[in-house]
Amino acid sequence: MDRLTAAEVFVDLAASGSFTATAERLEMSRAMVTRHIKTLEDWLGARLLNRTTRSVTLTDAGNQCLTYCRQLLSTREALEISLSERRRQLTGKLRISSSMSFAHARLAASLAQFIRLNPGVEIELDVSDRAVDLVAERVDLVIRIASSPDPLLIGKPLIKVNSQLVASPEYLKQYSAPQHPRDLRQHLCLGYRHFNRNLWHLSKGGQNESVAVNCQLVANEATVLLKAAQAGSGIAQLPDYLLAEALKDGSLQRLLPDWTPRVMTAYALYSSREHMPVALRALIDHLSQSFS
């Protein structure tokens, strides 16, 4: 006979003090309750109950057994819940918006891994750097790089984004490389429309410099600025995740290496914590872990 069931019967009987009450609650016969208790007593080699015509009480061995039976049933319940959650597949469709550069360099691989782990989830990715109305456009999640998140949205930081100043060898043949941030005022610069467009902030140790730069080309997408810099159009301030290949092949060179542009953060932005889809919460946790 199942010892776990016997333990369950014993715990219920200890609470009810009645074979009849336990039989009714567990929807089994009184004789079956008696058999389960006998199974437990035979297994442990001890009498667990004092029985009279009017009451059922626990022996010393029964009190000791009750503690362990409760622990055993609690462990079983925790195990069942854990296995049930692992078996339950996430489902649903999620709409996400991200900039082209970040989606290409970092996000796509992480989303692919999430889909492999959760085949019941569909993801629609909108690659755009425009302002998105999450409610009107039914977008579940926006990934944006900024110095601070949109105050109207809930923002979870995913990863710090460092940047570098770069220019092509062709540009540097025509214009000497800057030796100090102030020298940037004399150069052609490439601006990002959504932040630091004409005012670049750099730091070195305890020194901070804010330099007004001349941007003859401004774009809302970092990959455009990357290509323009490689074509010799000017100095660009670009995120590290875009620069590895260009620095390796020599199409871009780092400038002012001792000076650090303002560090940005990639945020996962969503409209509300209330009634958040389980798949969306799982995706945010996945991205946070993946990027860390």
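Residues numbered from 1 in each chain as written. Predicted model: local features only at pLDDT ≥ 70, side-chain atom pairs only at ≥ 80, totals over all residues. Heavy atoms only, no water.

- As named in an unreviewed UniProt entry, the protein chain is DNA-binding transcriptional LysR family regulator, taken from Shewanella chilikensis.
- Turning to the protein chain, the UniProt annotation filed under Sequence similarities (unreviewed entry) states: "Belongs to the LysR transcriptional regulatory family." (UniProt positions renumbered as here; feature names shortened; annotations may be inferred.)

**Regarding the packing of aromatic side chains**
Line of reasoning, step 1. Going through the model one piece at a time under the given rule, you end up with 3 aromatic pairs.
Line of reasoning, step 2. A network of ring pairs unites the aromatic residues Phe102, Tyr241 and Phe291 as a single cluster. (Phe/Tyr/Trp six-rings, centres within 6.5 Å; stacked < 30°, edge-to-face > 60°.)

**Focus: the packing of helix α5 (residues 100-117) against helix α9 (residues 278-291)**
Line of reasoning, step 1. In contact at an axis separation of 10 Å, α5 and α9 are set at 125 degrees when each is read in the N-to-C sense. For the element pair α5 / α9, the angle class is oblique. Crossing hand, α5 versus α9: right-handed. For the pair α5 and α9, the contacting residues are Phe102, Arg106, Leu107, Ser110, Leu111, Gln113, Phe114 and Leu117 in the first and Ala279, Ala282, Leu283, His286, Leu287, Ser290 and Phe291 in the second.
Line of reasoning, step 2. Here the residues of the contact of α5 with α9 are counted per class, giving 10 nonpolar, 4 polar and 1 charged. (Axes fitted to C-alpha atoms, helices over the stretch in contact; angles between N-to-C directions. Helix = DSSP H or I, 4+ residues; strand = E, 2+ residues; numbered from the N terminus. Parallel < 35°, antiparallel > 145°, perpendicular 65-115°, else oblique. Left-handed = near helix turned anticlockwise from the far one by under 90°. Contact = heavy atoms within 4.5 Å. Nonpolar A, V, L, I, M, F, W, Y, C, P; charged D, E, K, R; others polar.)

**Some points on unusual backbone geometry**
Line of reasoning, step 1. A positive phi angle, near 55 degrees, is found at glutamate 27, a position not held by glycine.
Line of reasoning, step 2. Looking at where glutamate 27 falls in the secondary structure, it is placed in the loop between α2 (19-25) and α3 (30-44).
Line of reasoning, step 3. Its identity as a non-glycine residue notwithstanding, leucine 256 has a phi of 45 degrees, on the positive side.
Line of reasoning, step 4. Mapping leucine 256 onto the fold places it in the loop between β13 (253-255) and β14 (260-261).

**Comments concerning the layout of surface pockets**
Line of reasoning, step 1. Here the second largest pocket defines a volume of roughly 200 Å³.
Line of reasoning, step 2. Lining of the second largest pocket is provided by 13 residues; of these, Leu226, Lys227, Leu242, Glu245 and Ala246 occupy positions nearest its centre.
Line of reasoning, step 3. Going through the elements one at a time, α5, α7 (222-230) and α8 (240-249) are the ones with two or more residues in the lining of the second largest pocket.
Line of reasoning, step 4. The greatest single-element share of the lining of the second largest pocket, amounting to 7 residues, is contributed by α8.
Line of reasoning, step 5. Residue composition of the lining of the second largest pocket, by class: 7 nonpolar, 3 polar and 3 charged. (1 Å grid on protein atoms, 1.4 Å probe; cavity = no way out; pocket = protein on both sides within 12 Å on 5 of 7 lines; lining within 4 Å. Points joined across faces, edges and corners; volume = space filled by probe spheres on them.)

**So, the nonpolar core**
Line of reasoning, step 1. In this structure, Phe102, Leu107, Leu141, Ile143, Leu238, Leu283 and Leu287 are the most contacted members of the largest nonpolar core, which totals 43 residues.
Line of reasoning, step 2. Among the elements that make up this core, the one with the highest residue count is α9 (6 residues).
Line of reasoning, step 3. Counting residues domain by domain, this core receives three or more from each of domain 2 (92-161 + 265-291) and domain 3 (163-262).
Line of reasoning, step 4. Those residues in contact with leucine 107, other than ones at most four positions away along the chain, are Ser98, Phe102, Leu125, Ile143, Leu287 and Phe291.
Line of reasoning, step 5. Ala7, Val33, Leu49 and Cys65 belong to the second-largest nonpolar core, a separate cluster that totals 18 residues. (Core = buried A, V, L, I, M, F, W, Y, C linked by side-chain atoms within 4.5 Å. Buried < 20%, exposed > 50% of the residue type's maximum accessible area, 1.4 Å probe, protein only. Domains from an automatic or database assignment.)

**Comments concerning α9**
Line of reasoning, step 1. The terminal C-alpha atoms of α9 lie 20 Å apart, and with 14 residues this matches the ideal 20 Å at 1.5 Å per residue to within 8%.
Line of reasoning, step 2. Those residues of α9 not exposed but buried are Ala279, Leu280, Leu283, Ile284, His286, Leu287, Ser288 and Phe291.
Line of reasoning, step 3. Of the surrounding elements, those touching the buried residues of α9 are β3 (92-98), α5, β4 (121-127), β5 (141-146), β6 (154-161) and β15 (264-270). (Expected span 1.5 Å × (residues − 1).)

**Re the side chain of glutamine 164**
Line of reasoning, step 1. Take glutamine 164: it is sitting in strand β7 (residues 163-167).
Line of reasoning, step 2. Engagement of the side chain of glutamine 164 in a polar contact is seen with the side chain of aspartate 240, the distance being 2.9 Å.
Line of reasoning, step 3. Beyond its immediate chain neighbours, meaning those up to four positions away, glutamine 164 contacts Ala236, Gln237, Leu238, Asp240, Leu243, Leu247, Arg254 and Pro261. (Polar contact = N/O pair within 3.5 Å; in protein donor to acceptor, adjacent residues only side chain to side chain.)

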